[in-house]
Amino acid sequence: MKLFLFEMKKIHHTRAFTIFIFLTVLFISGLYIKNYIQQDIIIANKVQQFSEHRSDVFGDIQLYRKQKEEGLLESETEKKLAVASKLHGEINELIQAIQDKKWETELLTEIKVYQSAIVYQEMKGTFEKSKKDMLDTISLNEELLKKGLPKEDMDLSIQPPIFMKKIVSLLLNPFGFLILLLILGTSITREFEEKNIQMVYVLPVSRPYYIMNKFISLVVIGIFWLFIVFFISYLLPYLFTETTENSFSYPLMSMEGNFITSSHYLKEAMIYSLFYMIFSISILIFFGFLIRNTIVTYLLIIFLHIGNFIILTNGFMYQVNPFTYGMVDLGVINDDTQSFFGTSLLFGASIVLMIMSIYMNKRRGIR
Amino acid sequence: MRAFLFECKKLLKKKTTFVSISLSILSVIGLYLFNYSVVEKINKGNIAFYEINLERFNNFVNDSKEEKENAIEAGNTAKAEEMDLMIKRYQESSTNYENLKKSYEKESWKTLYEEDMKNLQIFINDPNGSSIGIEEQLISNFTIRATYEEIKILKENNSKPFIQNTIHDNFLPTIYDNFTGSSLEQWELITKRYGREGFSFLVQLIQMLYIPAVVLIGCFIFGNTISSESTKKRRGINFYKVLPYSNLKIFVAKYLSGYVFLLLFSLLMLAIPLVCSLFTNGLGSLKNPILVYEGSKPNIFGNTLNPIDDQFHFIDYQEYFWKILLFVFLFSFFMYSIYFLLSLFIKNPNITLILLGAITFIGLNISSSEFNPFIYTDIHKIITREIATLTFNPGVSYSTGLKLYLIIGLILSFIGYFKFYFNKEIT
């Protein structure tokens, strides 16, 4: 216990971790303030989007009317004119509902608009939105109406669960974990470079015990950082935003088009990030005690993370690759990843790495 | 000079230097091999796609023949004639796909370029009449024109194109397209380009911010010449202070030795993919084109891009790589001077690296002013004038960036020297 507390004290004294926590809080607060200020942009963007659709449809209506005046209108085109006129009216209703901030009317009207738009597209009318996206939006709106929740902008929302999801995607990814490892890892490699480890190894403490204490102290620090990330991203919207009742039931669409609640998403995100953090720290312990050099250890860890990021972003997501779960947001919304399998894999890999670290350092000298 | 050579020798004698460089080389080779495997996979996929289309049209021919026979038996000559026409059309398409597949397999690109140009010609001739789209969202006329011109240049030079996840019209993605939702996903999938040859792969890497990453890693390896010797435990700098060397000589020797190694490291990292390509698909041609935007003229609607009237031109790889080379010299000088200055204060390479990375990231995103030196970090977008076009700021140019790097780099180096000079006590 004393050794564990001593390790914690050492990390705290480096000030780097304290500054890192401070910067994390600053980043989350800065993002929240930016989103808070830009709330009006959400309405403006929606109005602009539907205004463009409205002008496309109106262009078609004018063309059909001109054809009608010239007596060139066929029965097919007359049907198109009728559908286009109906669609135009519905878009006007929708824009009005958005501007009046009547979310229920907005959701219902949006469903009507897209249903009419799908019919209009089948008649070869102009409506620049893919059928798949419109069907997805209709499903989402129906789900939101069932739960009695307004639709949120996934990038600019200040509701707690959506804001937390945004923070998860921004911070809990290979680069976020990489920065955490770079901050924490100095406590291992520096001891070898500055020969402090010689003093540690003459103490009546076994090496496996020392390595495990190092590991546990780093894990505790990592857990503290994760706690700060989730806590601050929840606290700020909770204190300063008018939160919607039942907001944690907000439906999020998975890659396969199924819905998961945001509470389920956040639970899985916490589990994945915890186990991935443990796995990352075990990699750090393994390479740190193996190589015993700051620059080489960190280069190896940087290349490992960047390499896996490149592989993942090129669509190669393998469930048996533990680094897949480093993209926490992707891992949760991917229906193929199972949290039990993923966490077991990460935990198993961490144990193997720790055993290897302990075994390699059992009798190895210090030079 | 002696001090400089001595510092260089010290850097070379460190095991860390060799291990770090070897690791970096292995990583780049690994990256090249990964890209090569992806290229091969896409290649096979495209050939399979040709085969699927071939089979589809052969099935259409067989079905139409059956229908024709049924029509003849039923005495329906009109239907039989119609089926005859359909059979001819399907057979033409089938033969066409067969030829295209053979051309693709043999890499006779001229045939494929001619086919693509023929398909795009209709949209070039009538920009307001028709267009091609991805799930109801149209591809801009600018993109179609740029793709057509690019294919024309590739055909003239008989060069290999980038490989893309499509067999139809290898579109050149431009800033004039505004896809959303699943259309965007599909567009990104079909327009993601992978270099088959050395030069193309290097262009692909440069677009992925490869040069800033390499320079940051180089700074991490070579930028600690003073800071590593002035910590509480290691006070090697004190030895220099008692030698008959001026502070300026010590500073210049340590600064320059680190910078020279950083530069050589950066150039080595740029050369490794080219060397790897010599064992696979070769270097490729230096005459391949790179699109450069000419910007949009202000109009009555304010600053908006005009996909029909806006112009562009192409530069070849040779001109592009000369610009990249000069950029590497000055960008590495700029980043190294920041890293060196930070390391004099912080003395922990990890923290210095994180800080420099964070400053670069924030600088890249915070402002698009021409006086923000970090906006020039994405050099591909500067050379192609993408940032200047999107921000309607012609001041954001390649030459402005180089001048800023040189001036700011010199200022920061002087500040670093003064910090070193006035740091009399090493504790």
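Residues numbered from 1 in each chain as written. Chains lettered and ligands numbered in written order. Predicted model: local features only at pLDDT ≥ 70, side-chain atom pairs only at ≥ 80, totals over all residues. Heavy atoms only, no water.

S.K.: How would you summarise the overall build of chain A if you had to cite specific residues and measurements?
M.R.: When helices and strands are counted, chain A shows 14 helices and two strands. Once the C-alpha set of chain A is aligned to its principal axes, its extents read approximately 100 × 40 × 30 Å. Within chain A, counting contacts between residues at least 6 apart in sequence, those at least 24 apart form 76% of the total. For chain A, the exposed surface amounts to about 17,500 Å²; the carbon and sulfur share of it is 62%. (Helix = DSSP H or I, 4+ residues; strand = E, 2+ residues; numbered from the N terminus. Contact = heavy atoms within 4.5 Å. Areas by Shrake-Rupley, 256 points an atom, 1.4 Å probe, with all protein chains shown as cover.)

S.K.: Requested: an account of the interface of chain A and chain B, with residues and values cited.
M.R.: Listed per partner, the contact involves 30 residues of chain A and 34 residues of chain B. The contact between chain A and chain B buries some 2,700 Å² in all, and 67% of this surface belongs to carbon and sulfur atoms. If you sort the residues of chain A by the area they bury against chain B, Ile295, Leu299 and Phe303 of chain A come out on top, with a joint share of 20%. Summed over the shared surface of chain A and chain B, the result is zero salt bridges. Where chain A touches chain B, the interface holds seven residue pairs in polar contact (both at pLDDT 80 or more). Only helix H6 (131-147), helix H8 (174-193) and helix H12 (294-313) of chain A provide two or more residues apiece to the side of chain A that touches chain B. In terms of residue count, the dominant contributor to the side of chain A that touches chain B is H12 of chain A (eleven residues). (Buried area = accessible area lost by both parts, 1.4 Å probe. Salt bridge = Lys/Arg side-chain N within 4 Å of Asp/Glu carboxyl O. Polar contact = N/O pair within 3.5 Å; in protein donor to acceptor, adjacent residues only side chain to side chain.)

S.K.: Provide a residue-level description of the nonpolar core, including the pertinent values.
M.R.: Within soluble globular proteins, side chains that are nonpolar tend to cluster in buried spots. Core analysis: the biggest nonpolar cluster contains 201 residues, and Phe17 and Trp225 of chain A together with Ile211 of chain B have the highest contact counts within it. Leaving out residues up to four positions away in the same chain, Phe17 of chain A has contacts with Ile11, Leu180, Ile183, Leu184, Ile221, Phe224 and Trp225 of chain A. Among the nonpolar cores identified, the runner-up in size contains 23 residues, and Tyr64, Leu87, Ile118 and Phe127 of chain A belong to it. (Core = buried A, V, L, I, M, F, W, Y, C linked by side-chain atoms within 4.5 Å. Buried < 20%, exposed > 50% of the residue type's maximum accessible area, 1.4 Å probe, protein only.)

S.K.: Can you lay out the environment of Pro322 of chain A for me, pointing to particular residues and giving the numbers?
M.R.: Note on placement: Pro322 of chain A falls in the loop between H12 and helix H13 (328-333). For Pro322 of chain A, the contacting residues outside a window of four places in its chain are Tyr276, Phe279, Leu345 and Leu346 of chain A.

S.K.: So what's going on with the domain arrangement of chain B? Which residues, and what values?
M.R.: Residues and elements named next belong to chain B. Domains assigned within chain B are domain 1 (109-194) and domain 2 (200-422). Taken together, the contact between domain 1 and domain 2 spans 21 residues of the former and 23 residues of the latter. When the buried surface of domain 1 facing domain 2 is broken down by residue, Phe162, Ile175 and Tyr176 rank first, second and third, together holding 34% of it. In this assembly, domain 1 and domain 2 are joined by zero salt bridges. Where domain 1 packs against domain 2, one counts nine residue pairs in polar contact (both at pLDDT 80 or more). (Domains from an automatic or database assignment.)

S.K.: Describe in detail the domain arrangement of chain A, supporting the description with residues and values.
M.R.: All names here are of chain A. Domain parsing of chain A yields domain 1 (2-37 + 157-361) and domain 2 (40-147). Each partner contributes to the interface: domain 1 provides eight residues, whereas domain 2 provides seven residues. The contact between domain 1 and domain 2 buries some 660 Å² in all, and 69% of this surface belongs to carbon and sulfur atoms. When the buried area of domain 1 at its contact with domain 2 is split by residue, Pro251, Met253 and Phe259 rank highest and sum to 57% of it.

S.K.: Describe the state of the cysteines, with residues and values.
M.R.: Each disulfide is one covalent bond, formed between the sulfur atoms of two cysteines. Residue and element names in this part refer to chain B. A complete count under the given rule lists zero disulfides over all chains for this structure. There is no disulfide at Cys8, and the cysteine sulfur nearest it, in Cys219, is 16 Å away. Accessibility expressed as a relative area gives 10% for Cys8, which makes it buried. (Disulfide = S-S within 2.5 Å.)

S.K.: So what about the UniProt feature "transmembrane region" (unreviewed entry) in chain B? Which residues, and what values?
M.R.: Residues and elements named next belong to chain B. Under the present numbering, the feature "transmembrane region" (unreviewed entry) in UniProt falls on residues 16-34, 201-226, 259-280, 320-342, 349-367 and 404-422. Helix makes up 100% of residues 16-34 and strand 0%, and the two end C-alpha atoms of the span are 26 Å apart. Between the end C-alpha atoms of residues 259-280 there is a gap of 33 Å, over a span that is 86% helix and 0% strand. (UniProt positions renumbered as here; feature names shortened; annotations may be inferred.)

S.K.: Describe the UniProt feature "transmembrane region" (unreviewed entry) in chain A, naming the residues involved and giving the relevant values.
M.R.: UniProt records the feature "transmembrane region" (unreviewed entry) for residues 12-33, 167-189, 215-240, 269-291, 298-320 and 340-360 of chain A in the present numbering. With 91% helix and 0% strand, residues 167-189 of chain A has end C-alpha atoms that lie 30 Å from one another.

S.K.: Before we move on, can you summarise a nonpolar patch on the surface with the specific residues and values?
M.R.: A cluster of nonpolar residues, Leu406, Ile407, Leu410, Ile411, Phe414, Ile415, Phe418, Tyr421 and Phe422 of chain B, forms a patch on the protein surface that exposes about 880 Å² of accessible area. Considering the arrangement of structural elements, one finds Phe422 of chain B in helix H15 (residues 398-422). (Patch = residues over 30% accessible without salt bridge, like charges linked within 9 Å, V, L, I, M, F, W, Y side chains within 5 Å.)

S.K.: Can you explain the pairing of strand S3 (residues 289-293) of chain B? Please cite residues and give values.
M.R.: All names here are of chain B. Counting buried positions along S3 gives five out of five residues, so the element sits mostly inside the fold. Pairing between S3 and strand S4 (residues 312-316): five bridges, direction antiparallel. Opposite Tyr293, over in S4, you have Phe312 as the bridge partner. (Pairing = 2+ DSSP bridges.)

S.K.: Outline helix H6 (residues 181-191) of chain B, supporting the account with residue identities and numerical values.
M.R.: Within H6 of chain B, the full set of buried residues consists of Ser182, Ser183, Trp187, Ile190 and Thr191 of chain B. Along the long axis of H6 of chain B, the arc covered by the buried residues comes to 155°, so they all point the same way. Set apart from the buried face of H6 of chain B by more than 90 degrees, the exposed residues are Glu185 and Leu189 of chain B. If you follow the buried residues of H6 of chain B, they end up packed against H6 of chain A together with strand S1 (133-134), strand S2 (137-138) and helix H5 (141-157) of chain B. (Arc of directions from axis to C-beta.)

S.K.: Quick rundown of the packing of helix H8 (residues 210-222) of chain B against helix H11 (residues 317-346) of chain B? Include the residues and the values.
M.R.: Residues and elements named next belong to chain B. Viewed as axis vectors pointing N to C, H8 and H11 meet at an angle of 45°, and their least axial separation amounts to 10 Å. Viewed along their axes, H8 and H11 adopt a mutual orientation that is oblique. Here H8 runs over H11; the crossing is right-handed. Taking contact as the criterion, the partners of Ile211, Pro212, Val215, Leu216, Cys219, Phe220 and Phe222 in H8 are, on H11, Ile324, Phe327, Val328, Phe331, Ser332, Met335, Tyr336 and Tyr339. Classifying every residue of the contact of H8 with H11 by side-chain character gives 14 nonpolar, one polar and no charged. (Axes fitted to C-alpha atoms, helices over the stretch in contact; angles between N-to-C directions. Parallel < 35°, antiparallel > 145°, perpendicular 65-115°, else oblique. Left-handed = near helix turned anticlockwise from the far one by under 90°. Nonpolar A, V, L, I, M, F, W, Y, C, P; charged D, E, K, R; others polar.)

S.K.: Explain the confidence of the model for chain B to me, and be specific about the residues and the numbers.
M.R.: Looking at chain B as a whole, its pLDDT mean stands at 88, while 96% of the residues score no less than 70. This prediction of the complex comes with two scores: 0.88 for pTM and 0.86 for ipTM. (pLDDT = per-residue confidence, 0-100.)

S.K.: Explain the environment of Thr14 of chain A to me, using residue names and the numbers behind them.
M.R.: Following the sequence through the fold, Thr14 of chain A ends up in the loop between helix H1 (2-13) and helix H2 (16-37). The spatial distance from the C-alpha of Thr14 of chain A to the C-alpha of Leu184 of chain A is 9.7 Å, given a sequence separation of 170 residues.

S.K.: Talk me through unusual backbone geometry; I want residue IDs and the actual numbers.
M.R.: Here the phi dihedral of Lys101 of chain A falls at roughly 60°; this positive angle occurs in a residue that is not glycine. Note that Lys101 of chain A resides in the loop between helix H4 (75-99) and helix H5 (103-122). Of note, Arg385 of chain B is a non-glycine position whose phi angle comes to about 60°, a positive value. In this structure, Arg385 of chain B sits in the loop between helix H13 (379-383) and helix H14 (386-390).

S.K.: Quick one: what's the story with the environment of Leu138 of chain B, residue by residue and with numbers?
M.R.: Considering the arrangement of structural elements, one finds Leu138 of chain B in strand S2. Taking the relative accessible area as the measure of exposure, Leu138 of chain B reaches 47% and is therefore partly exposed. Sequence spacing of Leu138 of chain B and Ser183 of chain B is 45 residues, and the spatial spacing of their C-alpha atoms is 9.6 Å. Other than its neighbours up to four places away in sequence, Leu138 of chain B contacts Glu128 of chain A together with Ser131, Ile132, Gly133, Asp177 and Phe179 of chain B.

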